[in-house]
Structure formats: C-alpha cells, structure tokens
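Chain residues, written in single-letter form:
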Amino acid sequence: MEMTMKIAKLFFKTTCLITAAILTGCTADVAQEEEKNKEPNPTATNITFTSENPSTRTSITHSIGNGATPFWSERDRIWVKDVNGTWQKSSEGTFSKDMSNGVFSFSTGTFADNCEVHYTGANGAEGDKVTIAHEQIQSKPNDFSHAGASGDCGMGRAKGNGKNFKFKLSHKASYLCFLPHSSNELIKKSKLIKIEIISSKDNIAGTFDFSNGVLSHTRTRTNNSDKAITLITGNGFSIEGSTDIDKNGSYIVIAPGDHELTVRYWLRYKENSYSEEIKGTVTKTFKLNCEAGKIYDIKAKLDPTDYSDKKYYMWDCDNGQHYWKGYENEQPKTTYDRPGTHYPISVKDSRWYNEKTFPNPAYRSCKDCPNVNEAWWYIQHGDPHWDSEELWVMYKHLYTGGMWFKKKDYISPPFSSTSAPDGKDYTQKAISAAYNNTNVPFGRPDDIKKYFYLPALGGYDRGRFYNIGEVGNYWTCTPTPWNNSPNTPTKGAYYLYFYLDNNGKTCTASLYGGLNREKGFTLWEKK
C-alpha cells in the first residue's frame, strides 16, 4: 500500500487595529496591503476585540506540505467570557472584500484583561462546546471553505480593558487533506464520490467539551457514530495518475488524538452507457497522531487488488495445468462471453482432474488447499462477512463481492485439521460432510487484521464462465466419499462455496461436494 503523510503547522501573517466595542480579525502580508484590507469601522457604543492572529478564520487554503492560510467566512461569530464567567456571543462579523479582516460586536457583557475568546465553529451554539460534524460536505476540489461548518475551532486570550481589546487565537482542531491517485486505468475513469474515515479506538467527531479551550477527550456524547466522519465530495472528483490537489484535494476537520484510522475511498464507475454503474471502495488503514492546529497531507494510491493472475483448475489436476492452459486466447473472461471450446474433456489431458478415490487426498495442484475439516471451521466459526463494497479487478473489469473469514489463529473453539466442529474427521470417515451458514452478515468486519478475504471469482463449467462477483468456489484437498464405501470411485470433491442470493438480501457460506471435479474452480490456502 502506498500512502504518505506530510504535516505542516497552520501559519498566519497578521497586523491588527483597535477600535471600540467590536472584535476584529485582520491580516496583511505587506505594508501596502494594510489600507486595502482595513476593517470596517465599528459602532462606537460597542466593545471592540481586535485579533492579532487570524487563526479563527474558517475558510482555509492549502498547498501540499506548506501549511494553510485561513480567511473569515460569512456569518462567522465568536464567543468571549465576561467577568461573571458567562459566555457572550458576538453578532455576525462584518468583513473586508477579501475576507481577510472582520469586525465582531458585543452589545452586552463586561470584559476584563486576559478574558478568554473562543471560536466554536460556524454552527457553534455555545461558547464551551464544539461539534465536529459526522458528515462534512465539500463541493469542489481543493476547497476548504467548509472548515467552519465542519467543526473548526480556536481559543485565545484578549488583552485590554474597558472597550478595547486585542487577542490572538490558535486552532484547536486537526485537519486532513486527502490526495488520492491511481495507476489503474479503470480507477482513473472513476469519480471519487465520498471518503469515510473510521477510528478503531477513539472518537474523532461529535460534541466535545471546550470549556478550557481544548477539545477534551471527555466527550459529552460517546457512541459509535462519533468514531466516523464522512466527507461528501460534490458531484465526484476525478482520480489522476499522480497527485493533483486541484483535481481532488479533499479536506476534513478531525479531533486531535493518536488515531488508528480506516479510510474508505468511495468510487463510482460506469464502463459504458449500457453497463450497470458500479459503486465501491478502496480501503487504506494507518495510524496517525493528529495534533491540534496541524494539517496532514495523506497521499494514497488507489489501486484495487488485481486477481487477473488467479487461475481456475479442475480438482487436483497436474501442477500448473489450469483450465485454459494453452488456449488462453479462447478463455471467456466475462459472463457475457461465448463459452470456450478447448476446455479439458478427458483423462488424457493433463488439465483433467485427479480421479483417485477417497480417502486419498490431493497431491498435485490442490495439495495446499485446506482439507474438509478446516473448511468447515472457517464456515461455522470463522465469522464470515459478505463484502459487497470493496473493489477488485479481474481481466480489466471492476467488480465487488467477496467474503472475509477469520484467520485460523483467531478462531474459537480452537481450529483443527483433524476434526470438524462436530468432532468427526471427514478426511478419513467415509460419510458425507455438509454445513450451511445461512446467517452471514454484510459488511467489512471490525479488527480487520484478524481476517482474510476471498473474492467471488465465479467458475467455469463446460467452457462457460459463471457468477463472477456473485459466487465464490474454492477447492479443498479432500475428495468426497461414497457413503460407507471407501475407495469407491466418485466424481466429487469438497469445496468452499459462498454466494449472495438473487434478491441481494442474504448470503450463505457452505461446505459442499457433488459431481464437480470437472469444474474450473480456484485455489486457496489456510491462513
């Protein structure tokens, strides 16, 4: 996985001006800008707070690796604590044309030197609480004008007395700038429609106590929704072959903290005007210590796993003799293709299946596949999850659909190779084994490092390609017996079989046999 992060401290260049009964934010990069950026004249009867640092400004511009420059947004307000400890809310600010200077007025309250000043976001309803939005919306690339609405916040101390004050504010949220790119031509034809950010251990959104000017780790609410942020990216941003902030720079406000994050980049793809639109994700995970007032560039290469090198085999055929060996140019690669004609049809073909009888296990192409007992453990106690969201590639086409299983070391009761969950050893007993797990949940499981993924690669039968993206067929190394008659020839072998039903509402994982050795299924190994 390619993903890099750069960190930059938010920086500001400022100048300031004192007037009466109003809070003013101001900045000028050079002396000749001072006159142009002069703040509006305040009302003489109001109290004036003048910012020396525009950190509260809530529209932010950013260039990669170079920090961020903030500007005021329309309808911005601030809060100041008066001598009685009460938070007073300002009127909406009045701003210069370039939004670099703002004037905020207070008609009530008495304020002392070193009084506390808070900015609690564009939608802040209290001076001592900040809400970082679970859903943040960005209408165009490289546009962080939604920072204030998404939960940007700041704190400072005002110097002065009576009606004239100066203050400096510092940002107290953290910020992420996502910069996805891809080398996959299908992804470069897709649109980025949203980004989901999920924390595995602590809250990154929701309502925070801000009474001391810090986003307290003691939240006023604690629930799973506070561990996720979704950024909606307008009508969809393009994905380029290299990092391009102006094409897809995507921003969020996030709570500071030492986070373990899963980021799911949601993409929309349509191959042509006649094909069905595909929506799916490319997922990245990483750890990041987000510090207050810092912005982090996160570069991610969105290349879905490409399974085009996976082969299909009759059960335990000769090593390397896959179903289309020597006739790859005839291989159907979508379910709409005509059946190929040069598939194996007799034992004279090295691609033909192993005809040995039970209990002789596979010893060629399927020898490293799990046995029947092990497959049963994965199905019954491996906590299978159907994932219809993660994107993958097969033969230059995008698909979704596959199943997660727990790795054997995390299966309980303890995983066994010599007995199935019912206590019998079906590698030796000449009785049929079968198990159906009909309660497979949907979605990506939590604690993903404990799981492995199998895509629904479909299979071949008499030269026709079936069910890719809908069905998974994975051989075991165990042939099926004739009940109570070991060494009696059969044409079956056990395999792991999972599928989504026709209405798309339920999913099943099964251990199955049948007259199937001549079918073209895929191989796997126990993990």
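On a predicted model such as this, the values are computed, not experimentally measured, just so you know.

What counts as what
Residues numbered from 1 in each chain as written. Predicted model: local features only at pLDDT ≥ 70, side-chain atom pairs only at ≥ 80, totals over all residues. Heavy atoms only, no water. Helix = DSSP H or I, 4+ residues; strand = E, 2+ residues; numbered from the N terminus. Buried < 20%, exposed > 50% of the residue type's maximum accessible area, 1.4 Å probe, protein only. Contact = heavy atoms within 4.5 Å. Areas by Shrake-Rupley, 256 points an atom, 1.4 Å probe, with all protein chains shown as cover. Phe/Tyr/Trp six-rings, centres within 6.5 Å; stacked < 30°, edge-to-face > 60°. Lys NZ or Arg CZ within 6 Å of the ring centre and 35° of its normal. Pairing = 2+ DSSP bridges. Axes fitted to C-alpha atoms, helices over the stretch in contact; angles between N-to-C directions. Salt bridge = Lys/Arg side-chain N within 4 Å of Asp/Glu carboxyl O. Disulfide = S-S within 2.5 Å. Core = buried A, V, L, I, M, F, W, Y, C linked by side-chain atoms within 4.5 Å.

Caption draft 1: Examining the overall build of the protein chain more closely. Looking only at helices and strands, one finds four helices and 34 strands in the protein chain. Buried positions account for 54% of the 527 residues belonging to the protein chain. In the protein chain, the proportion of contacts linking residues at least 24 apart, taken out of those at least 6 apart, comes to 74%. As presented, the protein chain carries roughly 23200 Å² of accessible surface, and 45% of it is formed by carbon and sulfur atoms.

Caption draft 2: The packing of aromatic side chains, seen in detail. If you walk through the whole model with that rule in mind, you get 33 aromatic pairs. In textbook terms, an aromatic cluster arises when at least three aromatic residues are bridged by ring pairs, as seen for Y378, W386, F405, F415, F452, Y474, F498 and W524. Over the ring of W266 we find K194, and its NZ or CZ is 4.7 Å from the ring centre.

Caption draft 3: Main features of the sheet that holds strand β29 (residues 451-455). As summarised here, the arrangement of the three strands in space is β24-β27-β29, forming an open sheet in which the pairing is antiparallel. Here the strands that pair on one side only, and so sit at the sheet edges, are β24 (385-387) and β29. In this sheet, neighbouring strand axes are inclined to one another by 30° on average, regardless of whether the strands run parallel or antiparallel. Note that strand β27 (residues 402-406) and β29 share five bridges and pair antiparallel. Residue G402 lies in a different strand from β29, and its bridge partner there is P455.

Caption draft 4: Molecular detail of the sheet that holds strand β28 (residues 435-437). The strand order β28-β34-β33-β32 describes an open sheet built from four strands, whose pairing is antiparallel. Unpaired on one side and paired on the other, β28 and β32 (471-479) mark the two borders of the sheet. The average undirected angle you get between the axes of adjacent strands in this sheet is 10°. Pairing between β28 and strand β34 (residues 507-512): three bridges, direction antiparallel. Paired with Y435 across the two strands is L511, which belongs to β34. Lying on the sheet, helix α4 (residues 372-381) is in contact with β28, β32, β33 (493-500) and β34; it crosses β34 at an angle near 165°.

Caption draft 5: Looking closely at the pattern of salt bridges. This model, assessed by the stated rule, comprises 22 salt bridges. Here D318 ties to R364 by a salt bridge, and the two come within 2.4 Å at their closest N and O atoms. In this pair, D318 sits in the loop between β23 (305-306) and α4 while R364 sits in the loop between β23 and α4, placing the two residues 46 residues apart along the sequence. The class of D318 is partly exposed, set by a relative accessible area of 27%. You can call R364 buried: its relative accessible area is 17%. Salt-bridge contacts for K367 lead to D368; the nearest nitrogen and oxygen are separated by 3.3 Å.

Caption draft 6: Layout of the state of the cysteines. Under the criterion given, the structure shown has zero disulfides. Note on C369: no disulfide assigned, nearest cysteine sulfur contributed by C366 at a separation of 4.5 Å.

Caption draft 7: Molecular detail of the pairing of β27. Burial of β27 is extensive: four of the five residues sit out of reach of the surface. Where β24 and β27 come together, three bridges link them in antiparallel fashion. Bridge pairing links D387 to G402 in β27.

Caption draft 8: Looking closely at the nonpolar core. Membership of the largest hydrophobic core comes to 56 residues, with the highest contact counts inside it found for M394, W475, F498 and W524. Looking at this core, the elements that each hand over two or more residues are α4, β25 (392-394), β27, β29, β32, β33 and β34. The residues touching M394, leaving out its near neighbours within four places in the chain, are Y307, S308, K310, Y312, Y399, L457 and I468. A147, C153, A255 and L398 belong to the second-largest nonpolar core, a separate cluster that totals 51 residues.

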